[in-house]
Structures are given as structure tokens and as C-alpha cells.
Amino acid sequence: MVFSYYSGIFLFVNIASLSSVSAIDIAGKIATNPACKDDVTRLCSSQVLPNDLAVLDCLQNRRSDSDSDIRTECHSFLWQFKLNLTKGDQFLEAAEKMCSEELKSLEECKDQSLEGHKLSCLLENSDSVAQGQCKSFLVRIGSIIFSDFRLVEKFTTACQGDISKFNCGRLDSEEEKDHKQGSTIECLSEHVRNLTKECHLQTLRVAELQADDYHLDRPLFLACRDDRERFCRNAQAGQGRVYKCLIKNKMQNDMSTKCREKLVRRQQLVSEDYKVSKGLVRACKQEIIEHKCFKETNSPVKDRKVKLAQVLLCLENAMHAGNAIGGECQAEMLDHRRQLLEDYRLSPEVVYSCQEDIKTNCRTKEIGGKTLHCLMKHARRQNGISDTCLRALEDLMRITDAGSDWQVDSLLKTSCSSVVETACKNPADSQPASVISCLMDKVFSDVMTTGCRTALLEIQYFVARDFRLDSQLYAQCKSDAAQFCNAAPNWTEEANAIGPQRNPLVLPCLYRYAYHPPADSSLKPECADEVRRVMRQRANSVDLIPEVEEPCIEDLASLCFEKTGRGEEMQCLQDNLERLSPVCKQQVSNYTEEEAEHLELNPFITTYCSRFLETHCQDEMDDGDEGQVMECLVEYKMNTETTMNSKCRAAVEHFQLIALQDFRFSAHFKRACKLDISRLCPNIKAKPQVVACLSEMVRNDSVAQSLGVRSGNHVGSQHRVSQPCRQQLRNQLLQQHEDVQFNPNVRKPCASDEKRFCAQIKPGQGRILECLKAHRKQLDDICHAAIFQAEKEEMDDSGVDFQFIQQCKDPIRRLCQNDASNALECLKGYLDDSTLELHCKELVLERMAEQNLDIRFNPNLKKACSMDIPKFCLGIWQSASKDRELEGKVVDCLKQNFVAKKPLTQSCSDHLTVIMEQQALHYQLDPVLVNLCDKEIQIHCGPEEPENTRQGQVEECLKRKFDTLTSVECRRHVALLITAVQIDIQADPMLHRACAIDLVTFCKDVPPGDGRKPHIGHMYTAVIADSSARFHRLIGNSVTFSTGTDEHGLKIQQAALHANEEPGRFCDHVSGLFKTALKNCEISYTDYIRTTESRHKENVHSFWEILSEKGYIYKGKYEGWYCTADEAFVAEDQTMLVKLPNGQEQRVSTESNRPVEWFSEENYLFELSKLREKLRHWLKSGPVIRPLRHYNLVKSWLDQELIDLSISRPSARLSWGIPVPGDSSQTIYVWLDALLNYMTVAKHSQSEMNIWPPSVHVIGKDILKFHSIYWPAFLLAAGLEPPKSLLVHGHWLVDDQKMSKTTGNVVSPQSCINLVTATGLRYFLMHEGVPASDGNFSMKRMVRIANSDLADGIGNLVSRCCGKSLNPLQTRLGVSPSSFESCGTPGSDLLSLLERTPDIVHDEYQKWNFYKGIDQVMALVRGANGFFQTMEPWKLKKEGQLDQLNATMAVTLETARVVGTLLQPIVPSYSERLLDKLGVPQENRSWDFARLRWTTTETALGSQQAVLFPRIKFD
């Protein structure tokens, strides 16, 4: 092994033995020799000199550095003395005597036979020799030998040429005049890299032998004697301890320059051969052998040297591979790594490669790491240092593994100690690498110092370019890097390799796998976490992102030279994206795209928004979708109710601005719309243009649908833009409308107008846009056009109207099922609702006024009247400016034609009726009236006070003052309004409201206007299903609740023909009426299905194919009586002849009393007859049909034979339907089509649960056969499960007569809502409706029940206990058993009632007996009111009985809370107002809270008014 060679250096010890060290007998004694006697007396008189070796020590170690204090004759004598000494036998004999025991233990020395080998071996192993006479002997011998290079055999021969070449002294055979030849060895060591190979080896060998004791390095010993006393007095000589101590203190200010220089020279030798460092050799010997940290050679000249860098790399590689490295060895490695970074002169490659760079940039720098950091600083600049110097620095960073330990770099350690002490003392930061990571996390925080930040970033610049230098990253990712990124399997590609081994592409590769893993590959979670950490930390500076910094170096210098703060360079590049060079632009774009996907790359967001994210966006962060996290920040930034700190707001706004440049910079938008963009808007990148392009597509598709573009027989074409993208478009448009700086289509054309009119307006919150709209008549044409388009966007989708969404947030949630897109249309129906906040109501009216300015602002009206506008108002329409308002002219034209009874389409007439009603109540909504009658209003109708402008009083005033109006144009317009009432009474809401009861009583057979509208029978089905759905949600069940309209069939076809409308448009209109009615009645469906939808058509075709494949469909001739009204064939024994008033006979259905006609035609038939037994089995499987009477009816049907069912109609007779697959001559039977709507909903459900079969169908008894015979038969034939149950309810009668669509005996739910609100109607239907029997409608009874229960019963209870007279503190007191006990018998009676009521109500609701559940709740209300009256709290207050008063109030309020919770399924908005008033949090409103709950906590009451339901007055 390398440790046992001795071929290089021998001492002249081939002489006879020496009797003793203390009695060396040679020719002449030094002290008495005439040549030296005077010098010894002068220089050594103060010392005890027992022998000549002591005298020699004195003269050699004298304090003077000059030889001039010793005479020439004495120099010559000393030289001859040492030469004779080393040539005699005494040395070897003395060695054998003094070191006999050591030679026994050192086998390799004992067996040496060649001259000089034995003593040479002893000197080499002197570090393992214990203190004693042998140790002293060897130190003294070394002192003699290494004082003159000529005493070292072979050194003379090997180095003669180099000594001459570098002027290191003379090799002369003549006796020398002076003995200071130790300086020759020193000189050669200074040129060690340039020596010949043989001399190089000999010089290093000498250095190795000197390494044990600093005394042996004579020049260093002499130069550092004082420093040794100053710094290392307690350091014991031997084993390199004094060297180590001196080097540790090398950078101390009071270290002498000469000593420091000698130490540098010594360290340079260590760099050339690690064995020169005795501490490293001793501590790491086993590890070096084990990991083969040296290389063998076959060269004739044995290359015994192993560079320090090679050993360090080898050992570091072993450590990174997970091998154990001893603690002492690690400490030595750390010392040497620190030394290399402390003094650039110890790295020959840096000295050689960077000498010109140091001269140019760092000439005034000192050692101690400053010069290296100077080079690092310049490395970060464009053309800052040469490439060769950069590579040398990269090598040095790798050799020292500078990224793994903050203590390796002395400058970093000194600069950052205070920061570490303050901010990185957590247990998690105990590891050195963790401290580095901690410092990077804090690099731009308040605790970071400038010096620490500078030093840290200079180191990290190099770490960023080699992923191995980040030890935490490397430890977790080395296997993934090798597997996925072609990284070397070892920390260094070859353990012994030195030289450039950059790994700049590994981290980007790992990043791709962390964030965009292929389907079959992914990083280990620990590695992915580390990659995210690194990317987050490096996002602070472009320098640390080499894939961006290198291509952008010139752009940074020219555009961003002043940007030096955290993240400012990247922000500057992003701001100047269009000005960057192509290659830089591409990299910045790529990085920005990733930054949008992963917020940790955005240092401003992560720093300034961290607390806000934790508070408001935790759910999005937990979901791991950072695109949604950014959307959350944007949403809250726009939220008027949320306070966001200014720096976070600025960071979010900068992100929004940057995102305008490329749609890819908005992660969620990109994901949702990428395919749509590539398909519909290719070659467009700027987000505003992309949004405009896609929005135009959506708008055009919507218009196409509204104009009746068909697909087969079905209304509307598919949207070309996907639904997720449409949602994202809405979000983007909302941001544009929140702040015009994000909308270049407004910002640029309106820049001057914004300064002119809105200079004092604070940006954001939609304020600038509202300001510009308020000045629309004064705007420049180009700005006016931009604002027109912005308003059009808002009217097309109210979800992008920022001010509206913010001002009406709560009503949209409560009243519109949080549907922002249609919120304006929704809230129009709640203008008279007392719960609609005033500021929201005013804004709704303002938006309605804007809509009425131009029909293009009212998409619903434009759609409804699309056929009427070109027919009746073509001139006005054609003359309309593209981007100027029509000032209400088109609407006014349509109104005139409506009043003139022109044949407007039904949908247009209905919309105009609503508009005229709204305008009558709020005259500001009629721009023509405002324009023509403004002066008349001021003169005749007084000031615009709220009670006038919102109650229809202005229009009433103008009608009353008609004869006194002076303006002809105003009179003409008012006359139009008066005439409109003759067409539809709803055009005059004051008259309609006054006559509501009389209309029902005396005019019930007169249909309102000319429309076809839903009746309360439809609403009863919807409300009972909705109440059940709400109840199940309250008890914690997931609910899918569907409703909708079946829109095919002969009846629809004929009705459309009668209305002079195309069937599709007719269905759009009627379905819209039903949808509006459901919304107004607070129906919480999850899916509204229309059978004209394409998803349904696909399902019907698929189901038909299944039935056909299973052999249940055949073609045949079918004859029989057909009832168009019932959409069914009727057996002849189920018909009868009746005589009509005109004397003619008509055959009718005995079941429905509706006319039937004879049909004979070829149809497809369904083999219903085969399924009778399966249907009977299904019926017996459980209580599948409720109530029992309907179960028995179905059972009786199945006791009879079933005949096959006709399931198609000739398309010649029925064209409005779904064609039979493969046979366009036939149209699928409407009931097969309609019944499959349930399956369509299930197929497209968003629920994670399997929702088939349905738990229940809620139906009227008139369609029982279709649902109990045909529907389960279809499903059984297809191999599917039938529904679990059917709830069948009765019909509603009016004055004991069946209410029906065909007889005209209709009660409109809207007329009921107008009178008693949706709460009153829902309560009445659930209170009076009994599923097993028919209900009987009475308007008077509905009003009476609503007043009695909602206003007087519950309302009075809440009002009294929330009034300030009895509850001055406006709190809901906590309730406990003692509260009831202190109220005596009344309290215990109420407690008993309160405890049992919730369970009874629960059971009744479960059984669909909502009327019984309501009875139980009202019994509790009556009990609470009786309790309150008995306790007389007003007396308790007066008498000062505060404890009993508080108990009474607590008990009453707790009862009210329970009542409000129990009634949520029945009257949701009423219950919400009640619970809001009682201060009940949303999370405490589930059924778990429907029971009595003990608590000592007081809760503040809500600020809402205590009147929950105002009493309704009627005669």
C-alpha cells in the first residue's frame, strides 16, 4: 500500500552506531571550537547546553532571521558538523537504541535492510510514536535533517535542475559557508506545481515527513515562534497539532505576515498531496483505504501524491452515497474545506485560472474568503470573469461542497452567525444543510443582514448550477435524477475525477417530473418536496435560475440593471416581455407559466400573502391546485368585505398584469381553455385577445341558440366553447370589470376620459368603470364604444358585473341559489321583497334602466322578440349604431305594437308585460318616459322621494294628471301606458295588486294575458320534492334532485302551431316560465333537464338500441282511441260518448274526461305483455308506491293482462320529437322519451355516489300508470333496476273542481307569490297538501293561514323576545336545565314539548307527511307563546326579577331557534331570516342542532328587523 513505500527519500545514515544522543563524539566540540566559541557565548549563554545537539539547536533556533549574527567560520564548521553527524553510524545505532520498542511494533520499519530506510521509516511513522525518548530523538533528528536539503538523499539529485531554475539556492559539493539551506526546500515548495515530476515527488515527501511536527519545517518554525506563543501556547507539539492551531488562527489580525505566508505555503503543499496533512491522514486513513481515494500507477517514477481535492471529492462522494464516515474524519474534512474557501491561494486551479481576473477585479481584496467572494460576485455579472476562472470556481465549490454546510465558508459564517442565532435555531434547522435552507427561506426577510444575504447568494449562484451541491436536494433526489434525468449515479461521476462537471439541466428535469410527471413516472414524494423547496428559494433571484439568467444576461444588463431587490429582476423581465430577445423571452415565458402553476416560484406572493393564504385560501391550498389558490387570492383581492395588505394586493395585481401578456400565465384559465384556444383561437397568445375571441364564440353560440338553430328536431346547437372554459371566461371578464387596468380594451381608449372624469376615483372594485358609465354621454367616441361593449358583456352575463356581484352578494346567495350569471334576472323578481337590501335594490334598478336603454343590453328580451324586431321595428334596428345606445327606442316600438294588438310572438308579449309592470313601478326604468316627461314629473308629481319612485306612484300620478300634461310627446307616451292595461292587467301592477283576490274569485277561468304558465299543481310537486331534498341535506345525506320539462309530443306541436311559433321557440318560452316559477318558489334542484337537450337525445337513442337488441321492440299496426291531452292510447272500454253544448257527441276518456280520436297506423311496439310477472315481483318487493291507495290501484292493473305498447308515432303526424334510430319515418313515443329524463340526469350527475336506481319519483296521480307500469317495464326490459319508490300525490282543486291546463281553471303560482310571497305559498301547500287526497285551493285560506302561523304565531313570538324593551342588550341567552326549572310548571311543560317535538317531526318528514310535521312545529309554537304569556316577562322586568326574566327569555329564544331549524325544509328563506335574527351561525343549522342544546354562551342577535312576515291585509 501507499503507506509502506520508501523508494523516494533516504537519509545518509550508513555509518556506525552512536553510543548516545547526549554524547555524540565527533571531531571537535561546537562550544569549544574556535570558529564558534564566541558565537555560542554571545547567543547561547543564557541556556543550559548539556551537549552539542543542544548547542546546535540554540544556534539554529536563534531569534534572528539573519545569518549575519553568526560568523562565516562558524557557519562552515556547523555545516561540516551536521554532515559528519548524518554520515556516521551513530544515528542508526542511536535510533535502534532509543526506539527499540517502537521498531518492534512497526514491522515495516524493523525489516528495512537498505541504507537509510530504517530511520526514514521511523521518521514517517513518528506521529504514531508516543511521547518519550524515541519521540524526542526523532524530532531532533528531523530538526537536523530538514535544516538543509543536501542532507536528504536523492533530493539533491532529483531537484538540482529545479533549484537552479527557480533560484532556490546552489547545490555545491564544496562546503557551504552558511547552513540556512532549509529555505531551499521552502522555495521549491512555493513552485511545487511547476517542478519536474521527480522533484515534485521529493518535495512533497519532505513536506509529509515535516508534517508531524512544525519544528521540522524550519522556515515556518522560525517565522511562527512568536505566533505559536500568542495563539497556540497550549497546543502540544507533534501529530500536526501546532500546524492545525496556527492555521485556525491564520486570519487573525494580529497574526504576523511572515507566519501567515509560511502557513499558506504549507497549505498549498497539502493541496498538492493530502498526506502533508497529518490530521487528515490520521483521521481518515480507514475511509481513504475503504473507498479507494487514490490511484495506482505503473509509472517508473511512483506517483505517490494524491491531491487533497481528489480525497475530499472521494470522501464526499462516499458520504452522499450514504456510507458512514467517522466523526473525526468529517471534522478534518470540514477544516480543509473551510481552509480552501478561506484563501484562494490554496487552490492552484483558482490561482492559475483566475490570476488575470483577480488583478482586474479583486486586486485590493484580502484573503479570508474576500477574494473568492469578489470573484463570485463578478461571476454573476455579464462577462464578469473569464470562462476558465468560472470553471475553476465551480470546481472549488464542488471540492468544498459549499452548499452543504454554512460553516464551510468563513465569510458566510461570519456574516450570517447573527441571523442563524436569531432565525434558524429550531430543532429542524440543527443540521448544517438545514441552516443553509433556513437562510435561503429568510434571504429577503427582515431578520436578514445585507452581508449575509450577499455572501449567501454568491455561494448559491454556483449551487444553483449543480444540483449535487444542495445536499438536501441531492440526498432525496439522487436516484430519481439518475433514473429520469441521466444524472451520474455517484455524487461525482468518477470518484477520482477533478474538473468541470456541471449539472445545469438536472434540476429543470427534476422540476418537470415534479410538476408535470408523465402518466407512468413520478418522483418520490420526498424528492418532489425538495424540488419545490429549491425552486421556491431560488425564485428570489434570477441569478439562481440559470436556465433564465444565462439567455437573459444582456436583457438584464440593458433593461433591469437597477433592479436588485428580491425577485425584482424576474419581475422586470416579465414587465418587459415583449422587448426581450427571442431566446430570453421564451425562457421568461416558460418560467412565468410555471410560476402561475406553482405559487412557490413567486417570491412576492409567498412572502406578502402567506398569512392571507392561511386565513382565506386554506381549502384551495389543501386541494393542491395552485391555479385555484391564485384565483382565491384574486377573488379576495376584489372582495370589498376582505382587507388584504397592500404588498399582497400589489403582488396579486402584478400577477394579473403579467398574465395579460399570455393566456398561459393564468394556470386555471390555461387548463380550462387550452383545447378551446387551440381549436377556436389559434395563433393568439395575449389573454385579453383570447378572452375576447372565446367570449365572442360564446356570445355567437348563445345567439344562434336563441334564434332557433336546430340539430335534428332539437333546439340549439352545442356550445363550441367547453363549459369549464366558459366558467373561466366569466372569471377573467369579472377581473377586467373589477379594474380597468386589466382590460386593455377599456384602459387604452379611455385613458384620457379616465383622467378627465375619474381622477379622484380610487382604482379597483369596479369604481372606474362605473364612473365612466356615469359620464357616458360626455365620453370620447372611442371610449364610449369601449364602455358600450363592457356594458354589453355585463348584461350578457351578470356574473361579470363586479359592482353588481359585490353589492348583491347576499341576495344572490339567498334568493338566486348563488347563480351569479343570471342574478340580475333573478333579483328583478325580488324588488318587492322586504329582505332585499336597499343598496342592492337600487343597483338592480340601475341595471334595469341600463337594459332598457338598448335592447342589446337585454339578451332575454332580445331573444324573446328576435322574430318581432325585424317584423315591426326594422327601421329603428337597422339605423342603430354599433356602439351607441338606442335610448329605449326598440323597446318602445315593441310596446306600441303590443298595445296595438299586433301579432307579437307569445314570448315577446310575456317579456313586454313584465317590462311594463317593472316600468310602472319604477318609472326610471322607462328611458323614453324619463326623456319625454321629465319636466312634467317635476311639475306634477313632486320630488323623487323613495316612497314615490318605488311604489309606482309616478306613473299613477302621470295617469291622473293626463289632462293637464302640456307636452304632446309625454301625453302620447302616457296614453300608451294607459292602453297597455287593456291588453294585460299586469301592465298596471297597482291595479293588479289591488284586484288580486277578485281576479281569482271572479275571473279564474280567464287566462292571464295570452301566455301558458305553470300552476300551483306543478309547484306542489316541486315544493314537496324540494322539502324532502332539503330535509335530507339537513340530516347529512347527499342529494341529487332533478326537475324539468318534457317538451316533445303532439300536444306541444299543436300548441306551438296555435301560438304561431316554431315548436323549439315555444318550448324555450314555456320552459323558461317553468324555470322562473321554480326559482321564485325557492326550489333547490341540482339539475334542470329539458328533453330537447342533446344529452337527452343521445340517451334516448342509446336506450332504444338496448331494447331493440334485447328483442323487446317489433313493428306492427296499431289502432285505437288516442287522447292528445294525455298523450296516450285509451282502450275502448275506457271511453264514453258525451253530448256537447252544441248538441254534437264527443268520445272522451272516462279517466280524464278529455277528448279522444281514432287512429290507425303502423308503429313500433314494445312487448309489455312479457313483463307482467316481473312488474308484479317489483311491486311486491317493498312499499314501492305510496300512499297505499295508489299501490292498490297499480296492483289491480297488474292483475289484468297487459297489452303491448305503441312506442312510436309516424313522423308525418308527429314531427316534434326524437326520430327512431335508423327510421326517420317514425318518432319515438313521447312518454318513452320523457321518462328517460331520469336516466339522463343520472348519467350526467356530478355526484361521486352511484345514484341509480332513484330513491323516489315524486309525481301527480294523473301520470301514475306511466311511472308504475311503463317506466319500470322499460327498465326491466333493458336489464336495469326500477326506481326504489314512487310518491304519488293528489290534485289541487279550486272551489272543488279539478285544476287542469286544458280547462283553463288555473291558479298562477306567481299571483300567489305576489300576494303572500314564496314563503306563504310554500307553507300553504305543505300545510294543506295531503298526498293521499286532493287539496282544495282558496286564496283567502292561504292568506289566513300565512297570517295566523307565519306572522302571528312564529313572527309574534320572535318579535316579542327580540324587542329592545325586553331584550335591551339584543342577545340570545344561553339555556340550561335550571332555566326551565326556574320557570316552574310552565317551564317543565314547554321543556317536555321541546324535547319530543324534533324526533316526531323527523319521523313525519321521513314519511313525507310534511303537513303532520308542520302541525307538530306549530303545537310547539303555540306552547311557547302560551309559556311567554303565562310568564309575563314585562312584569318580571318591572318587578326586578331579572333571573326569572332571563330564564324566560332564554327558554323562549331557544324554542324559536328549534322552530326555525325544523322549518328549514318547508320555508327556507323564512327560516333563514329567523335564524339570522337569532344569530345562529350557518354551521349550526343542520338537523343535529334541531334539538334542545344546553349552553352558557350568550349570542348577539342579528341586526335584521324582527318582523319576519308582515301581515297581509285583504277584504
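About the criteria used
- Position labels on residues start from 1 in each chain and follow its written sequence.
- Reporting of local features is limited, given that this is a predicted model, to residues whose pLDDT is at least 70; pairs of side-chain atoms are given and counted only at 80 or more, and all residues count toward the totals for whole chains, interfaces and linings.
- Hydrogens and water molecules were not included; the side-chain quantities draw on all heavy atoms of the structure.
- Where helices and strands are cited, they refer to DSSP runs of H or I of at least four residues and of E of at least two residues respectively, numbered from the N terminus.
- To sort residues, take the accessible area from a 1.4 Å probe on protein chains only and compare it with the maximum for the residue type: under 20% means buried, over 50% means exposed, and anything in between is partly exposed.
- Contact criterion: two residues are considered in contact whenever any of their non-hydrogen atoms come within 4.5 Å of each other.
- For the purposes of this analysis, a disulfide is any pair of cysteine sulfur atoms at a distance within 2.5 Å.
- In this analysis, axes come from line fits to C-alpha atoms, helices being fitted only over the stretch in contact, and the angle between any two N-to-C directions falls in the range 0 to 180 degrees.
- For classification purposes, an angle smaller than 35 degrees is called roughly parallel, one larger than 145 roughly antiparallel, one from 65 to 115 roughly perpendicular, and anything else oblique.
- Note on convention: the crossing is left-handed when the near helix lies turned anticlockwise from the far helix by less than a right angle, right-handed when the turn is clockwise.
- The classification used treats Ala, Val, Leu, Ile, Met, Phe, Trp, Tyr, Cys and Pro as nonpolar, Asp, Glu, Lys and Arg as charged, and all other residues, Gly among them, as polar.
- If DSSP finds at least two bridges between two strands, the strands pair.
- For a helix, the expected span equals 1.5 Å multiplied by the number of residues minus one.
- In this tally, Asp and Glu contribute negative charge and Lys and Arg positive charge; neither His nor the terminal groups of the chain are included.
- By definition here, a salt bridge exists when the distance from a side-chain nitrogen of Lys or Arg to a carboxyl oxygen of Asp or Glu is within 4 Å.
- Two rings from Phe, Tyr or Trp (for Trp, the six-membered ring) form a pair when their centres sit within 6.5 Å of each other. Planes less than 30 degrees apart are called stacked, planes more than 60 degrees apart edge-to-face, and all others tilted.
- Charge over a ring is defined by NZ of Lys or CZ of Arg lying within 6 Å of the ring centre and within 35 degrees of the ring normal.
- Grouping buried Ala, Val, Leu, Ile, Met, Phe, Trp, Tyr and Cys residues that are joined through side-chain atoms within 4.5 Å yields what is termed a nonpolar core.

K.L.:
Looking at this structure, how should I read the environment of lysine 377?
P.N.:
In this structure, lysine 377 sits in helix α20 (residues 370–379). Look at lysine 377 and you get partly exposed, because its relative accessible area is 31%. Sequence separation of lysine 377 and tyrosine 461 is 84 residues, and the distance between their C-alpha atoms is 9.1 Å.

K.L.:
In this structure, what is going on with the environment of isoleucine 385? I would like to understand it.
P.N.:
Tracing the chain through its elements places isoleucine 385 in the loop between α20 and α21 (387–400). Exposure remark for isoleucine 385: the relative accessible area of 12% places this residue in the buried category. With 27 residues separating them in the primary sequence, isoleucine 385 and isoleucine 358 have C-alpha atoms 9.0 Å apart. Discounting chain neighbours no more than four positions away, the residues touching isoleucine 385 are Asp357, Asn361, Leu375, His378, Ala379, Leu390 and Leu393.

K.L.:
What is the right way to read the state of the cysteines from this model?
P.N.:
Any covalent bond linking the sulfur atoms of two cysteines counts as a disulfide. Within this structure, the stated rule accounts for 27 disulfides. Note that cysteine 617 is cross-linked by a disulfide to cysteine 632, the S-S spacing being 2.0 Å. Taking the torsion about the sulfur-sulfur bond, which here is approximately -85°, the covalent link between cysteine 617 and cysteine 632 counts as left-handed. Of the two residues, cysteine 617 is situated in the loop between α33 (610–616) and α34 (618–623) and cysteine 632 in helix α35 (residues 626–638); the sequence distance between them amounts to 15 residues. Both residues of the pair, cysteine 617 and cysteine 632, belong to the buried class.

K.L.:
Would you mind showing me how to read the packing of helix α30 (residues 568–575) against helix α31 (residues 582–597) here?
P.N.:
Contact pair α30 / α31: the axes reach a minimum separation of 10 Å and the direction vectors enclose 110°. Taken together, the axes of α30 and α31 lie roughly perpendicular to each other. Handedness of the crossing formed by α30 with α31: left-handed. Counted together, Met570, Leu573 and Gln574 of α30 and Cys584, Val588, Tyr591, Thr592 and Glu595 of α31 form the full contact between these two elements. Of the residues that constitute the contact of α30 with α31, the class distribution is five nonpolar, two polar and one charged.

K.L.:
How should unusual backbone geometry be read in this particular structure?
P.N.:
It is generally the case that most residues other than glycine have a negative phi and that most peptide bonds are trans. Look at the link from arginine 1186 to proline 1187: it is a cis peptide, with omega at -5°. Structurally, proline 1187 can be placed in the loop between β12 (1185–1186) and α64 (1188–1198). Cis geometry is adopted by the peptide bond preceding proline 1253, which originates at tryptophan 1252 and carries an omega value of 0°. Positive phi, close to 55°, is recorded for glutamine 1370, a residue that is not glycine. By secondary structure assignment, the location of glutamine 1370 is in the loop between α69 (1339–1362) and β22 (1371–1372). Of note in the backbone geometry, tryptophan 1408 takes a positive phi value of approximately 70° without being a glycine. Relative to the helices and strands, tryptophan 1408 resides in the loop between α71 (1384–1406) and α72 (1410–1431).

K.L.:
Teacher, can you tell me more about the pairing of strand β16 (residues 1223–1228) here?
P.N.:
Put simply, side chains in a regular strand alternate between the two faces of the sheet. Both strand β14 (residues 1208–1210) and β16 contribute to a ladder of three bridges, which runs antiparallel. Bridged to arginine 1209 within β16 is threonine 1227. Sheet topology note: the strand β15 (residues 1219–1220)/β16 ladder contains two bridges and is antiparallel. In the strand pairing of β16, valine 1220 is matched with aspartate 1223. Where β15 hands over to β16, the hairpin turn is made up of two residues, of which glycine 1222 adopts a positive phi near 85°.

K.L.:
Even after reading the chapter, I still don't get helix α17 (residues 308–320), so can you show me in this structure?
P.N.:
The terminal C-alpha atoms of α17 lie 18 Å apart, and with 13 residues this matches the ideal 18 Å at 1.5 Å per residue to within 8%. Those residues of α17 not exposed but buried are Leu308, Ala309, Gln310, Val311, Leu312, Leu313, Cys314, Leu315, Glu316, Asn317, Ala318 and His320. Buried-residue contacts for α17 involve α15 (257–272), α16 (278–290), α18 (327–342), α21 and α25 (471–485). At the C-terminal side of α17, glycine 322 shows a positive phi close to 90°.

K.L.:
Help me understand the side chain of aspartate 357 in this model?
P.N.:
Tracing the chain through its elements places aspartate 357 in helix α19 (residues 348–361). One buried charged residue, aspartate 357, remains without a salt bridge, the closest side chain of opposite sign being lysine 359 at 11 Å. Filtering out sequence-adjacent residues up to four positions away, aspartate 357 remains in contact with Cys362, Leu375, Gly384, Ile385, Ser386 and Cys389.

K.L.:
Looking at this structure, how should I read the sheet that holds strand β13 (residues 1205–1206)?
P.N.:
The strands making up a sheet are joined through hydrogen bonds of the backbone, oriented either antiparallel or parallel. Strand order across the open sheet formed by four strands is β8-β7-β11-β13, with antiparallel pairing between neighbours. Strand pairing shows two members of the sheet lacking a second neighbour, β8 (1128–1130) and β13, which therefore form its edges. Here strand β11 (residues 1157–1166) runs beside β13; their pairing, made up of two bridges, is antiparallel. By the bridge assignment, leucine 1165 is partnered in β13 with serine 1206. Packing against the sheet, helix α67 (residues 1264–1277) makes contact with β8, β11 and β13, and its axis sits at approximately 30° to β11.

K.L.:
Teacher, can you tell me more about the packing of aromatic side chains here?
P.N.:
Each aromatic ring pair is specified by the distance between its two centres and by the angle formed by the two planes. In total, this model carries 24 aromatic pairs according to the counting rule given. Plain terms: the ring middles of phenylalanine 1428 and tryptophan 1434 are 6.3 Å apart, the flat faces sit at 55° to each other, and that makes the pair tilted. The structure contains a cluster of three or more aromatic residues connected by ring pairs, namely Phe1031, Tyr1405, Trp1408, Phe1410 and Trp1487. Across from the ring centre of tyrosine 461, 3.7 Å away, lies the NZ or CZ of arginine 465, which sits over that ring. Sitting over the ring of tryptophan 1197, lysine 1265 keeps its end group 4.9 Å from the ring centre.

K.L.:
So what exactly am I meant to see when it comes to the packing of α71 against helix α74 (residues 1442–1462) here?
P.N.:
How two helices pack is summed up by the angle between their axes together with the distance between the axes. Where α71 meets α74, the axes come as close as 11 Å, and the angle between the chain directions of the two elements is 5°. On the basis of their axis angle, the class for α71 and α74 is roughly parallel. Judged by residue contacts, Leu1390, Leu1394, Thr1397, Pro1398, Val1401 and Tyr1405 of α71 engage Val1451, Glu1454, Thr1455, Val1458 and Leu1462 from α74.

K.L.:
Sorry if this is basic, but what is going on with the nonpolar core here?
P.N.:
In summary, soluble globular proteins display a tendency toward joint burial of nonpolar side chains. Judged by nonpolar contacts, the single largest core of 127 residues is most densely connected at Leu439, Leu510, Val531 and Leu573. For leucine 510, the residues in contact, after removing those within four places along its chain, are Phe467, Cys477, Asp480, Ala481, Cys485, Leu523, Cys527 and Val531. Ranked by size, the runner-up nonpolar core spans 102 residues in total, among them Ala1346, Val1358, Ile1414 and Val1451.

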